[in-house]
Amino acid sequence: MAARAKRAKVEDGSELSPLQSFLQWCDGVGLELSSKVCVSKEGTVAEYGMLAKDDIEDGEVLFTIPRSALLHQGTTKVSTLLEKEQSTLQSSSGWVPLLLALLYEYTSSQSHWKAYLSLWTDFKTLDHPMFWSKEERGSLLKGTGVPEAVDRDLANIQREYTDVVLPFMTRHPDLWNPGTHTLDLYTQLVAFVMAYSFQEPQDEEDDDEDEEKPPNPPVMVPMADMLNHVSNHNANLEFTQDSLKMVCVRPIHKGQEVFNTYGQMANWQLLHMYGFTEPCSSNSNDTADIPVAKLYEAAARGAQSDLDRQLVEEQWGVLCQMTEEEAAFVFGKQGCLTDTELYTALKVLCMSKEELSEFKDNEGWEEDDEDDEKISLALSNEGLSELKASWKQLIYEAAHLTLRSYGDGEDEEKVMDVDRALMEDKAALAGLSCRQWKALQVRYGQKSILHGLMELTKS
């Protein structure tokens, strides 16, 4: 059963709370909210969330949002201008038009989305690592890949703001003001888009196999972004021609929280993009990366003579033509997720001099008799222990070198033991700050995967 979101009544004449104002706004824009759910700050895992007021069955619609209520570059009051000047708003992120719309709407007292945007009065609830100090990121997240990703983000944000956004705002001083629409506010809105926006999937029927379409730009979806994420979610957002619907995908009992999914996200991705993590033990999508450079380092360490070292350099040269030096092999809880790439790298780095020479002469393999299914099985947890000894040794050493990068030169057991002891000490866990706890889930989840990989490949 669906009904319009109820208007909040405040009998003593006091002002509506931001949440009450938002629910009134939802009523006014035609958002239909099931009577079986409510939005609350109580009993949820984060600032806001959605709770079941009654048992909900698989397939029930929790709410329906008309497309006119979405906030994006096509619905904002400044949409005509953004469309007219879109050629000047190109950037690597593709987010500039939406961000300009948000800059305008967030600071406009007359914004159609004022009640929605007022839920985030100062963005202090956003706790992405981009808002941590560089020192805090470095100490808490060393080895996880997050500090490097954040540094790239911040450099790109500053470049985008300086080169694209600022010149555009200067041309339109009646709508934007660099004194109000600052780099700091722009950065906060980037984090807001990272954490709360949705991307509509490409229409598969319109796909042209010969032409890869760019992804749809992100949009802000009021109400849908109130739902929190877990990997084992119970609701999912569906896109239709006229509206978006949040649909129950498995039974939800009265009093339980309604969870959406942001996709198959490892904890480092959740922290980087959304500012939170799941407990590493319950995130079935957690991953750890082994940089391809670590595989090369492992091969180089195994070289016993000058001829061996020369062969490794030749193998590495060939591999660099087939993959990027910054690439990484991704391991999940069930094995390697980038199995084809790892299989190729292992094959190249374990070639004899004759095999490498033949490979170069033929400009690659003539025909590989290994199909994708066999490769996937070979590099799963079940298959890793059955690999050739030379392949297992490379994986083991690369995992060992990667694990050591989380510490300050300590051996991998010491690196592992520090966080393991913390995870097992309930009193110590309770004493951690929110950031320390989130960073621990990222570190220990990754270290556990790497440690497990070493166990599977040790001789």
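Since the structure is predicted, the reported quantities are computational estimates derived from the model, not experimental observations.

K.L.:
Let's hear about the overall build of the protein: which residues, and what values?
P.N.:
Summing up its helical and strand segments, the protein has 18 helices and 14 strands in all. By principal-axis analysis of the C-alpha atoms, the protein measures approximately 85 × 55 × 45 Å. With 459 residues in all, the protein has 46% of them scored as buried. Of the roughly 23,500 Å² that the protein leaves accessible, carbon and sulfur atoms contribute 48%. Of note, the protein has its 41 positive side-chain charges centred 8 Å away from the centre of its 80 negative side-chain charges.

K.L.:
Residue-level account of the packing of aromatic side chains, with values.
P.N.:
Under the defined criterion, the tally for this structure stands at 17 aromatic pairs. Taking the centre distance of 6.1 Å and the plane angle of 75° together, the rings of Tyr262 and Phe276 count as edge-to-face. Of this pair, Tyr262 sits in the loop between strand E11 (257-260) and helix H8 (267-274) while Phe276 sits in the loop between H8 and strand E12 (288-291); the two residues are 14 residues apart in sequence, bridging distant segments of the chain. The partly exposed category is assigned to Phe276, whose relative accessible area is 22%. Ring geometry for Tyr343 versus Trp391: centroids 5.4 Å apart, planes at 75°, classification edge-to-face. On the criterion of sequence distance, the pair formed by Tyr343 in helix H11 (residues 339-349) and Trp391 in helix H15 (residues 389-404) is long-range, its members being 48 residues apart. The residues Tyr343 and Trp391 share a single accessibility class, namely buried. An aromatic cluster of at least three residues, connected via ring pairs, comprises Phe22, Trp25, Tyr106, Tyr116, Trp120, Phe123, Phe192 and Tyr196.

K.L.:
Which residues make up the pattern of salt bridges, and what values do they have?
P.N.:
If the charged atoms of two oppositely charged side chains come close together, the side chains can form a pair. Tallying each qualifying case throughout the model produces 17 salt bridges. Between Arg435 and Glu136 there is a salt bridge, with its nearest N and O atoms 2.8 Å apart. Taken together, the positions of Arg435 in helix H18 (residues 434-457) and Glu136 in helix H5 (residues 134-140) put the pair 299 residues apart, joining distant regions of the chain. In this structure, the salt-bridge partner of Lys360 is Glu314, at a minimum N-O distance of 3.5 Å. In this pair, Lys360 is assigned in helix H12 (residues 353-361) and Glu314 in helix H10 (residues 306-322), connecting sequence segments 46 residues apart.

K.L.:
Describe in detail the sheet that holds strand E4 (residues 49-52), supporting the description with residues and values.
P.N.:
Sheet architecture is open: four strands sit in the order E3-E4-E11-E8, paired in mixed fashion. With one partner strand each, in any of the chains shown, strand E3 (37-40) and strand E8 (228-229) form the two edges of the open sheet. For E3 and E4, the ladder comprises four bridges, and the chain directions are antiparallel. Bridge pairing in E4 places Val39 opposite Met50.

K.L.:
Lay out the confidence of the model for the protein with the relevant residues and their values.
P.N.:
Overall, the predicted model of the protein reaches an average pLDDT of 91, with 93% of residues at or above 70. Per-residue pLDDT stays below 50 along residues 1-12; that stretch engages in 23 contacts with residues further than four places along the chain or on separate chains.

K.L.:
Tell me what's going on with unusual backbone geometry, and back it up with residues and numbers.
P.N.:
Of note, Met223 is a non-glycine position whose phi angle comes to about 80°, a positive value. If you trace the backbone, Met223 turns up in the loop between strand E7 (219-220) and E8. Its relative accessible area of 0% is what places Met223 among the buried residues.

K.L.:
Hey, could you go over helix H1 (residues 18-29) for me, with residue numbers and the actual values?
P.N.:
Along its twelve residues, H1 runs 16 Å from first to last C-alpha, staying within 8% of the 16 Å computed at 1.5 Å per residue. Of the residues making up H1, those classed as buried are Leu19, Phe22, Leu23, Trp25, Cys26, Asp27 and Val29. One or two residues past the end of H1 sits Gly30, with phi positive at roughly 85°.

K.L.:
Describe the environment of Arg171, and please don't skip the residues or the numbers.
P.N.:
Mapping Arg171 onto the fold places it in helix H6 (residues 146-171). Those residues in contact with Arg171 that sit more than four places away from it in its chain are Glu85 and Thr88.

K.L.:
Could you give an account of the sheet that holds strand E13 (residues 328-332), with specific residues and numbers?
P.N.:
In spatial order, the strands read E12-E13-E14; together these three strands make up an open sheet with antiparallel pairing. Pairing within the sheet leaves two strands with one partner each, and these edge strands are E12 and strand E14 (335-336). In the sheet, E13 pairs with E14 via two bridges, with the strands oriented antiparallel. Within E14, the position partnered with Gly332 by the bridge is Gly335.

K.L.:
Give a detailed account of the domain arrangement of the protein, specifying residues and quantitative values.
P.N.:
Note: interface size is frequently given as the accessible area lost on complex formation between the parts. Partitioning the protein into structural domains gives domain 1 (78-200 + 215-274) and domain 2 (287-457). Using only C-alpha atoms to locate each centre, domain 1 and domain 2 end up separated by 33 Å. Taken together, the contact between domain 1 and domain 2 spans 13 residues of the former and 13 residues of the latter. Along the contact surface separating domain 1 from domain 2 lie three salt bridges. Here Lys438 ties to Asp127 by a salt bridge, and the two come within 3.0 Å at their closest N and O atoms. Our count for the contact surface shared by domain 1 and domain 2 stands at six residue pairs in polar contact (both at pLDDT 80 or more). Listed by contribution, the elements that provide at least two residues to the side of domain 1 that touches domain 2 are H5 and H8. For the side of domain 1 that touches domain 2, the leading source of residues is H8, giving three residues. Taken together, the residues that form the side of domain 1 that touches domain 2 break down as seven nonpolar, three polar and three charged.

K.L.:
Before we move on, could you go through the pairing of strand E10 (residues 243-248) and cite the residues and values that matter?
P.N.:
Most of E10 is tucked away, with five of its six residues classed as buried. Of the pairings in the sheet, the one linking strand E5 (residues 61-66) to E10 comprises five bridges and is antiparallel in character. Opposite Pro66, over in E10, you have Ser243 as the bridge partner. Pairing of strand E9 (residues 235-239) with E10 involves five bridges; the strand directions are antiparallel. Within E10, the position partnered with Phe239 by the bridge is Leu244.

The rules behind the values
- Residues numbered from 1 in each chain as written.
- Predicted model: local features only at pLDDT ≥ 70, side-chain atom pairs only at ≥ 80, totals over all residues.
- Heavy atoms only, no water.
- Helix = DSSP H or I, 4+ residues; strand = E, 2+ residues; numbered from the N terminus.
- Buried < 20%, exposed > 50% of the residue type's maximum accessible area, 1.4 Å probe, protein only.
- Areas by Shrake-Rupley, 256 points an atom, 1.4 Å probe, with all protein chains shown as cover.
- Lys, Arg positive; Asp, Glu negative; His and termini not counted.
- Charge placed at Lys NZ, Arg CZ, Asp CG, Glu CD.
- Phe/Tyr/Trp six-rings, centres within 6.5 Å; stacked < 30°, edge-to-face > 60°.
- Salt bridge = Lys/Arg side-chain N within 4 Å of Asp/Glu carboxyl O.
- Pairing = 2+ DSSP bridges.
- pLDDT = per-residue confidence, 0-100.
- Contact = heavy atoms within 4.5 Å.
- Expected span 1.5 Å × (residues − 1).
- Domains from an automatic or database assignment.
- Polar contact = N/O pair within 3.5 Å; in protein donor to acceptor, adjacent residues only side chain to side chain.
- Nonpolar A, V, L, I, M, F, W, Y, C, P; charged D, E, K, R; others polar.

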